[in-house]
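Letter by letter, the chains look like this.
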Amino acid sequence: MDVVDDLLREHGTSYAEEAGIRLADKPSPLYRLLVLATLLSKPINSGVAVAAAHELSRAGYRTPQRMLAASWQDRVDALGRGHYRRYDESTATILADSAKLCRDRWRGDLRRLHAAGGSDVRALKDLLTEFPGIGPTGADIFLREAQGIWPDIIPYADEKVLDGARRAHLPASGEKLAGLVPAAKLPALMSALVRLGREH
């Protein structure tokens, strides 16, 4: 379909890919996705949030243990290098609190969260929103991206995706959108539709 090809060509990079996260069903990439979703949850430019996630990863804070080993000032400085300045101090604290929950409840491995919620996206959203800084929007972001590696939650299309689909004159249905691309490209399509909705 030409519309889908155009969307993927123009906007077809998932937010995780943009942040340099090679998603896999492993503890570190999943944790980095959680951090990205936390940063994207704030009312801030998505490019700034992505850049800040990249800086946190470059600083080595790719696991909850490494995030907790960093000082509060280290986290603030990494966020600042990504120009995430408006919320840098509060977010530095939130990231530590979130890392502590990930370490203590899920032993640093969000595959355990997936096992607990299974394919029940409502249960997964409830578990994700227990993390400081992750509300419904952050849970949507996480699950939109994670469906590329957690196929049992396909299709995950929240209202921002469906709004973009309507603007692109595509079906406003997760099931129908999932039928337009291979499963591996679904997060990129969802991200493209979110970006399209924001442009308008």
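Residues numbered from 1 in each chain as written. Predicted model: local features only at pLDDT ≥ 70, side-chain atom pairs only at ≥ 80, totals over all residues. Heavy atoms only, no water.

Student: Help me understand the overall build of the protein chain in this model?
Tutor: Across its full length, the protein chain holds 13 helices and 0 strands. Order of helices (α) and strands (β) in the protein chain, N terminus to C terminus: α-α-α-α-α-α-α-α-α-α-α-α-α. For the protein chain, whose C-alpha radius of gyration is 16 Å, the value lies close to the compact-globule estimate of 16 Å for 200 residues. Dimensions of the protein chain along its principal axes, counting C-alpha atoms only, are 50 × 35 × 25 Å. Of all 200 residues assigned to the protein chain, the portion counted as buried reaches 50%. Here the analysis covers contacts within the protein chain between residues at least 6 apart in sequence; of these, 61% occur between residues at least 24 apart. If you sum the accessible surface of the protein chain, you get close to 9100 Å²; carbon and sulfur atoms cover 48% of it. Averaging the coordinates of the 28 positive side-chain charges in the protein chain and doing the same for the 26 negative ones gives two points 4 Å apart. (Helix = DSSP H or I, 4+ residues; strand = E, 2+ residues; numbered from the N terminus. Rg over C-alpha atoms; globule rule 2.2 N^0.38 Å. Buried < 20%, exposed > 50% of the residue type's maximum accessible area, 1.4 Å probe, protein only. Contact = heavy atoms within 4.5 Å. Areas by Shrake-Rupley, 256 points an atom, 1.4 Å probe, with all protein chains shown as cover. Lys, Arg positive; Asp, Glu negative; His and termini not counted. Charge placed at Lys NZ, Arg CZ, Asp CG, Glu CD.)

Student: Would you explain the layout of surface pockets in this entry?
Tutor: If a probe as big as a water molecule is rolled over the atoms, it shows which places are left empty. There is about 260 Å³ of room inside the largest pocket. For the largest pocket, the lining is made up of 15 residues, of which Ser14, Glu17, Leu23, Ala184 and Pro187 are closest to its centre. Those elements that provide at least two residues to the lining of the largest pocket are α2 (15–18) and α13 (186–199). In the lining of the largest pocket, the residues fall into 8 nonpolar, 3 polar and 4 charged. (1 Å grid on protein atoms, 1.4 Å probe; cavity = no way out; pocket = protein on both sides within 12 Å on 5 of 7 lines; lining within 4 Å. Points joined across faces, edges and corners; volume = space filled by probe spheres on them. Nonpolar A, V, L, I, M, F, W, Y, C, P; charged D, E, K, R; others polar.)

Student: Mind showing me how you'd approach the environment of Leu79 here?
Tutor: Here Leu79 is to be found in helix α6 (residues 72–81). Sequence separation between Leu79 and Asn45 is 34 residues, and the spatial gap between their C-alpha atoms is 14 Å. Contacts of Leu79, omitting those with residues within four sequence positions, involve Leu39, Ala52, Leu56, Tyr84, Asp88, Thr91, Ala92 and Leu95.

Student: Help me out: how do you make sense of the pattern of salt bridges in this one?
Tutor: Side-chain pairs of opposite charge can arise whenever the charged atoms involved come near each other. With the rule as written, the count across this model stands at 13 salt bridges. By sharing partners, the salt bridges in this structure join Glu55, Arg58 and Arg81 into a single network. (Salt bridge = Lys/Arg side-chain N within 4 Å of Asp/Glu carboxyl O.)

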